[in-house]
Amino acid sequence: MKLTLYVWRQKSAAQEGEFRRYDMQEVSPDSSFLEVLDLLNEQLILKGEEPIEFEHDCREGICGCCSMVINGRPHGPKKLHTTCQLHMRNFEDGATVYVEPWRAAAFPVVKDLVVDRSSFDRIIQSGGYISVNTGSAPEANSVPIGKEVIDTAMDAATCIGCGACVAACPNGSAALFTAAKISHLGLLAQGQPERYDRVLRMVDQMDKELFGSCTNHGECQEACPKGISIKYISMMNRDFIRATAARVMDPKGAMKAQ
Amino acid sequence: MGLVRNFYRTTVGKKVVMAVTGLILVLFVIGHMGGNLKFFAGIDAATGTHKLDHYAAFLRTMGSELFGHAGVLWMVRVGLLVAVLLHVVSAVQLSRLSMAARPRSYAVQSFRSATPASRSMRYGGMFLFVFIILHILHFTTGTIHYQGFEHGRVFANLMSGFQPWYVPMLYVIAMAALALHLYHGVWSMFQTMGVTSPAWNNGARCIAKIVAVILFVGFSSVPLAAHFGLVEGDNTPTAMAAIVER
Amino acid sequence: MQFQLDAKIPSGPLDRKWSKHKFDLKLVNPANKRKYTVIVVGSGLAGAAAAASLGELGYNVRCFCYQDSPRRAHSVAAQGGINAAKNYRNDGDSVWRLFYDTIKGGDFRARESNVYRLAELSVNIIDQCVAQGVPFAREYGGLLANRSFGGAQVSRTFYARGQTGQQLLLGAYSALSRQIAQKTVSMHTATEMLDVLVVDGRARGIVVRDLRTGRISTHLGDAVVLCTGGYSNVFFLSTNAKGCNVTATWRAYRRGAGFANPCFTQIHPTCIPSSGEHQSKLTLMSESLRNDGRIWVPKQAGDKRHPSDIPESERDYYLERRYPSFGNLSPRDIASRAAKERCDAGFGVGPGGLGVYLDFADSIKRLGRKVIEERYGNLFEMYESITGEDPYTEPMRIYPAPHYTMGGLWVDYNLMTTIPGLFAAGEANFSDHGANRLGASALMQGLADGYFVVPYTIGDYLARSGPSGLGSDHAAVASLEREVGDRIKKLVSLNGNRTVDSIHRELGRLMWDKCGMSRNAAGLREALQKIPAIAERFWREVRVTGSGEELNQCVEKAGRLADFLEFAELMCIDALERNESCGGHFREEYQTPDGEALRNDNEYCYAAVWGLRGTEGGRLTHDLTKEPLTFENVHLAQRSYK
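Owing to the predicted nature of the structure, the values given are computational and were not obtained by experimental measurement. (Residues numbered from 1 in each chain as written. Chains lettered and ligands numbered in written order. Predicted model: local features only at pLDDT ≥ 70, side-chain atom pairs only at ≥ 80, totals over all residues. Heavy atoms only, no water.)

### Some details on the overall build of chain A
Looking only at helices and strands, chain A has 8 helices and 7 strands in total. Each of the three principal axes of chain A carries a C-alpha extent, and together these read 65 × 40 × 35 Å. Sequence-distant contacts in chain A: of pairs separated by 6 or more residues, those separated by 24 or more amount to 71%. Put simply, chain A shows about 8500 Å² of open surface, and 51% of that area lies on carbon and sulfur atoms. Distance from the positive charge centre (28 side chains) to the negative charge centre (33 side chains) of chain A: 5 Å. (Helix = DSSP H or I, 4+ residues; strand = E, 2+ residues; numbered from the N terminus. Contact = heavy atoms within 4.5 Å. Areas by Shrake-Rupley, 256 points an atom, 1.4 Å probe, with all protein chains shown as cover. Lys, Arg positive; Asp, Glu negative; His and termini not counted. Charge placed at Lys NZ, Arg CZ, Asp CG, Glu CD.)

Written as structure tokens, this is what we have:
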């Protein structure tokens, strides 16, 4: 099949970028989208041009590296897929495809389609953990956790940290990412002692990273390759309100959620 | 105070402020619409005045034993003003944050779940803000009333105020904007307050739809009925002429 | 280089060795710990766990990964689960049984003491992960669930849907993030280690390249831990992430570390077959599929009928036929080889006849579609998305693919390599899996090494040897940085007419054909002839664009391939030297009459530890040192899963 690609090329964060057109012939419908970029890159290198830099690693939809918006949709047209899992049979022969990086102030472009997502790491560092030192854990089965609870936590924990939610959000909000981690830990018995501190700290850090605010469009859950629901944003909001109320009632925090 | 400031400093805190003030405003407009429907209640046979005017008088006299004439009314007005200001200020602040968060837009724009309602919140909100000011100047102060505005004669003011065709048109458009705003806003309020759950989510969506439709129909009925003379009351040409003359 | 190998295996009975050893290990005074800098390279399960645990202990840790976030290390892709001898199922499991299964699964080519420690620590790992919030699957009663895995007759595998590796890594990553926030660990993402600094026989730091700016710098430390994974990408097509490479361990080898059993590679039986030339990597599907899927090929060679048109009587369920007691749950090496055997004999299905069926029809009939969907839904979706076929209605096609490497840097019981101060943990070392790794054991080993072994043994090393004391103004620092910089410059200057990937594909195809699932002496000799020629073509014909002073994936790939080209030779040399078949190393000359691996315990019951001798005529030469393996607690037997 044939393909016309318009790919965002940007030499560095400091320089302006632009779309460049590439016409592809003889693309196999069985190849993945990234394999088409591989092919294009091989052609570019042999012409002495610089290949398109794009982030990729596992190529099976779990590492969360790929970060491109394809025809206006993060990870392309197929729901519940990452770019690396996208195959060309999802495109029509002769299609025109625009490929751009995630666009968000919190994800500055490094080069071409590569963006800097360290803001996500800092959100996790602000509280996305349970404080347990190696060696101090109790016997695993000493705390039973209901199957429905663990399933709901797992639905949130499945986040791969790709940033598609931010890329899709018209406001560039990281609410879904942050909420998924807060809910994953907040639902579990092990996560209770730090539950309120965690939500306050993580929301605070999220705001410091120049993300926009959630206006409940729901675009994030449509773009999420793991199908994480915006119900977790609601849960985060609820915990945030409760945490603040708990702080007001009980500034020393002795009556934290247990 | 520090806690409140910290709370408001976050995006979630601002959203909660928007949700709470939004809730106050929604409850107000529902009550307002209920009052408006007195427009269709006709003339009180005993006093010879329209029941809507009775209702308007009641709004001033309620609670007067305790708070003096129109005391409660003014408290409500101040409360609403504060709610509107908070709603608008947080909206402006959040919008600025969000616009800064996406410095460059995509070459291809593609929405999957964002609705015209959710995407028009900012612009619809701005329009409604302007409308509210016009509406107060129109029927509360009478400043921009067509002609013959008289305090306390609400029914007559409505009948005359809606005579030029563009006035009811503006009102109906504004009510459509309100309905659109609330269709997303009411559901969004539940989501922001953290009271949605998978089971309750459809319920919240449903409430939002019902509120939007009822308000649109209820509010729009008055200007249309007034303009087209579809209502019982002193809407006879002679009475109208008398009002205009006066 | 010949080594005086001392595995430092503690004396005493097997089940007391680790506790005795822990007591014998020297401790670093808590107040002194922050004066020591430990460098951890890699942020997968072993690296993140080690960095977090060392940080918690109070060491000054620096952690490096080439990805843009530590959460993306390839451990994230492990699907099936993690073994632990909890015996929650009451089905007769025990530390001893896990130990025995692992030794036997590894075809008796692993060290007893290390494997026993691994089995012991497995239970602590589950406790630790649960406490971190890892959402392992649970029963309705709220207690942890288990599933079965290949090579075991007990149900001891803990799992989080088909994303166990991801969840365990996120657990370790969250612990690491906590330490980063507490400033005990400084994290260097998008940074690739390109050399180890060895001065006066001790590892004292690493030289790295910042992948975003190209800046080359040295990080000095008192100990270095390599947790840099395996080298399956020597085959180009493998289930590893595209970035996985041998550079860190190979550079350590070139600085004097021993490399053990490089020919022990694992070919995973349940991968999605390649669909054509454009293929850039192979996708694995969890082995857990074999719990409910039945593997078969048509009884008639070259049968082109649609699978649903082939009646039951004309299907050959060859694993069930050959290994009645383990059947579809036979260990990986056996299942992979059996598939290759059928395909080579012309019974394969799909494009090029490189595939066998994995059929769920019976299970769907027995358990209902819903149960199957619950167990494997995401894997089925993945299969459908890649192949465009619906595995609920027609059988999957699978084919083996390179997946894991048992070989790695030689380490002693303390996980220290032959270079003092240089440790290796996780897949990067050779220690626990012998010639074949059992399913769900890689996660276990990475975490055991990272959480529970390295933090102790590094303390002992530091307490005994004291601070490194090397200043950044030492001449060796500047000279090594220059050397690394020159190598980058040389790569950037390559201006031929081929791409790095095309050479890598060429190397990969050769390695797959000659040093893949089965090997023979003639083929290996042929490979040893051809690899230098490919390497020569690499240096002559490759084109690298851009500069070294920016983000340039072309340079990164070229550097990694240059190391793979050197390493591939050693792999073949090792495979040629080992004149026996064991585990994943199947030498066609050495098999039983019915085609099973034929071990030679008299001559090859050792770990082959290679050391760099020097360069002769532009080629590297290597020396072999043998670490004899002694089995005091298990009886060496032919591995049978019949």
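Moving on, there is more to tell.
### Thoughts on the interface of chain A and chain C
At the junction of the two partners, chain A supplies 76 residues and chain C supplies 76 residues. Taken together, the two surfaces of chain A and chain C that pack against each other cover about 6200 Å², and 50% of this comes from carbon and sulfur. Connecting chain A to chain C are 7 salt bridges. Two residues, E55(A) and R212(C), come together in a salt bridge whose shortest N-O distance is 3.9 Å. Every element with two or more residues in the side of chain A that touches chain C is listed here: α1 (33-46), β6 (109-111), β7 (114-115), α2 (118-125), α3 (147-157) and α5 (175-187) of chain A. Broken down by element, the residue count for the side of chain A that touches chain C peaks at 7 residues, all from α3(A). Split by residue class, the side of chain A that touches chain C holds 32 nonpolar, 21 polar and 23 charged. (Buried area = accessible area lost by both parts, 1.4 Å probe. Salt bridge = Lys/Arg side-chain N within 4 Å of Asp/Glu carboxyl O. Nonpolar A, V, L, I, M, F, W, Y, C, P; charged D, E, K, R; others polar.)

### Regarding the packing of helix α2 (residues 11-36) of chain B against helix α5 (residues 71-101) of chain B
All names here are of chain B. The geometry of α2 relative to α5 is characterised by a closest axis approach of 9 Å and an angle of 140 degrees between their N-to-C directions. Of the two elements, α2 crosses α5, and the hand of that crossing is left-handed. Where α2 approaches α5, its residues T11, K14, K15, V17, M18, T21, G22, I24, L25 and F28 are matched on the opposing element by L80, A83, V84, L86, H87, S90, A91, Q93, L94 and L97. Grouping the amino acids of the contact of α2 with α5 by side-chain chemistry returns 12 nonpolar, 6 polar and 2 charged. (Axes fitted to C-alpha atoms, helices over the stretch in contact; angles between N-to-C directions. Left-handed = near helix turned anticlockwise from the far one by under 90°.)

### Quick notes on the side chain of T249(C)
Here T249(C) shows up in helix α7 (residues 247-254). The class for T249(C) is buried, based on a relative accessible area of 3%. (Buried < 20%, exposed > 50% of the residue type's maximum accessible area, 1.4 Å probe, protein only.)

### A look at the packing of α2(B) against helix α9 (residues 166-192) of chain B
All names here are of chain B. Look at α2 against α9: their axes get within 9 Å of each other, and the N-to-C directions meet at 130 degrees. In this view, α2 runs oblique relative to α9, as classed from their interaxial angle. Regarding α2 and α9, the two cross each other, and that crossing is left-handed. Across the interface between the two elements, K15, V16, A19, L23, V26 and V29 of α2 pack against L182, V186, S188, M189 and T192 of α9. Of the residues belonging to the contact of α2 with α9, the class tally is 8 nonpolar, 2 polar and 1 charged. (Parallel < 35°, antiparallel > 145°, perpendicular 65-115°, else oblique.)

### Re the sheet that holds strand β12 (residues 294-298) of chain C
Residue and element names in this part refer to chain C. Taking strand neighbours across the sheet as the criterion, the 5 strands line up as β11-β15-β14-β12-β13 in an open arrangement whose pairing is antiparallel. At either margin of the open sheet sits one strand with a lone partner, and together these are β11 (265-271) and β13 (315-316). Pairing geometry for β12 and strand β14 (residues 356-359), over 3 bridges, is antiparallel. The partner of W296 across the bridge, within β14, is Y357. (Pairing = 2+ DSSP bridges.)

### With respect to the packing of aromatic side chains
All names here are of chain C. Applying the stated criterion across every chain yields a total of 42 aromatic pairs over all chains. For the ring pair F380 and Y392, a centre distance of 4.7 Å and an interplane angle of 55 degrees mean the geometry is tilted. Taken as a pair, F380 in helix α11 (residues 369-387) and Y392 in the loop between α11 and β15 (396-405) lie far apart in primary sequence, 12 residues in all. A single burial state applies to F380 and to Y392, both of which are buried. (Phe/Tyr/Trp six-rings, centres within 6.5 Å; stacked < 30°, edge-to-face > 60°.)

### Points about the interface of chain A and chain B
Opposite the 52 residues of chain A that make contact, chain B presents 39 residues. Across the interface of chain A and chain B, roughly 3700 Å² is buried in total on both sides, 53% from carbon and sulfur atoms. Its largest share of buried area at the contact with chain B, chain A owes to R103(A), N216(A) and H217(A), together 16% of the area lost on that side. For the pair chain A and chain B, the number of links is 2 salt bridges. R104(B) is the partner of E16(A) in a salt bridge, and the nearest nitrogen-oxygen pair spans 3.0 Å. On inspection of chain A and its partner chain B, the count reaches 28 residue pairs in polar contact (both at pLDDT 80 or more). Mapped by element, the contributors of at least two residues to the side of chain A that touches chain B are β4 (73-74), β5 (95-101), α4 (164-168), α6 (195-208), α7 (219-223) and α8 (231-249) of chain A. Ranked by residues supplied to the side of chain A that touches chain B, first place goes to α8(A) with 11 residues. (Polar contact = N/O pair within 3.5 Å; in protein donor to acceptor, adjacent residues only side chain to side chain.)

### Describing a nonpolar patch on the surface
Residue and element names in this part refer to chain B. Taken together, the side chains of F127, V130, L134, I144, W165, Y166, M169, L170 and I173 present a nonpolar region at the surface, about 830 Å² in accessible area. Counting residues per element, the ones that place at least two in the nonpolar patch are α7 (121-140) and α9. When residues in the nonpolar patch are grouped by element, the largest group, 4 residues, is from α9. In this fold, W165 is placed in the loop between α8 (154-161) and α9. (Patch = residues over 30% accessible without salt bridge, like charges linked within 9 Å, V, L, I, M, F, W, Y side chains within 5 Å.)

### Quick look at the sheet that holds strand β8 (residues 216-220) of chain C
Paired through their backbone hydrogen bonds, the strands of a sheet run either parallel or antiparallel. Residues and elements named next belong to chain C. A sheet is described by the order of its strands in space; here 3 strands give the open sequence β6-β7-β8, paired in antiparallel fashion. Bordering the open sheet on either side are β6 (191-199) and β8, each of which pairs with just one other strand. On average, each strand axis in the sheet is inclined to that of its neighbour by 30 degrees, with strand direction left out of account. Note: strand β7 (residues 202-210) against β8, 5 bridges, orientation antiparallel. Bridging across to β8, V207 finds its partner in T218.

### A few points about the arrangement of the chains
Pairwise contact counts over the 2 pairs of chains in contact peak for chains A and C. Here chain B and chain C are not in contact; the least distance found between their C-alpha atoms is 20 Å.

### Description of the domain arrangement of chain A
Residue and element names in this part refer to chain A. Domain boundaries in chain A define domain 1 (3-110) and domain 2 (117-249). Between domain 1 and domain 2, the C-alpha centre-to-centre distance is 29 Å. Counting residues at the interface gives 20 residues for domain 1 and 20 residues for domain 2. When domain 1 packs against domain 2, close to 1400 Å² is buried across both sides, 62% of that on carbon and sulfur atoms. Counting the surface domain 1 buries against domain 2, the share from its top three residues, L80, A106 and F107, is 34%. The shortest N-O distance in the salt bridge between R117 and E55 comes to 3.6 Å. Applying the counting rule to domain 1 against domain 2 returns 6 residue pairs in polar contact (both at pLDDT 80 or more). (Domains from an automatic or database assignment.)

### Regarding the pattern of salt bridges
For the structure shown, the criterion picks out 80 salt bridges over all chains. E139(A) is paired through a salt bridge with K86(C); the nearest N and O atoms lie 2.9 Å apart. Of this pair, E139(A) sits in the loop between α2 and α3 while K86(C) sits in the loop between β3 (82-83) and α4 (95-105), placing the two residues on different chains. In this structure, a network of salt bridges that share partners links the residues D107(C), R109(C), R578(C), E580(C), R599(C) and D601(C).

### Notes on unusual backbone geometry
Residue and element names in this part refer to chain C. Positive phi is not limited to glycine here, since K183 has a value of about 65 degrees. One can find K183 in the loop between α6 (164-181) and β5 (185-188). Here K183 falls in the exposed class, since its relative accessible area comes to 71%. You will see that D200, though not glycine, has its phi angle at about 50 degrees, which is positive. With respect to the element layout, D200 can be found in the loop between β6 and β7.

### Digging into α7(B)
Residues and elements named next belong to chain B. Between its first and last C-alpha atoms α7 spans 26 Å; for 20 residues at 1.5 Å apiece the expected length is 28 Å, and the two agree. Where α7 is concerned, the buried positions are M121, G124, L128, F131, H138 and F139. Down the axis of α7, the buried set is contained in an arc of 100 degrees. They therefore lie on one face. Those residues of α7 that are buried are in contact with α6 (116-119), α8 and α9. One or two steps after α7, the chain reaches G142, where phi turns positive at roughly 80 degrees. (Expected span 1.5 Å × (residues − 1). Arc of directions from axis to C-beta.)

### What to know about the pairing of β14(C)
All names here are of chain C. A two-sided burial pattern is seen for β14, the buried positions comprising V356 and L358 on one face and Y357 and D359 on the other. Where β14 lies against β15, 3 bridges are found, and the strand directions are antiparallel. Residue pairing for β15: L358 is matched across the bridge by M396.

### A look at the nonpolar core
With 252 residues, the main nonpolar core has F39(B), I82(C), F136(C), M511(C) and F538(C) as its most contacted residues. Those residues in contact with F538(C) that lie beyond four places of it in its chain are L491(C), L494(C), I503(C), A558(C), L561(C), A562(C) and L565(C). (Core = buried A, V, L, I, M, F, W, Y, C linked by side-chain atoms within 4.5 Å.)

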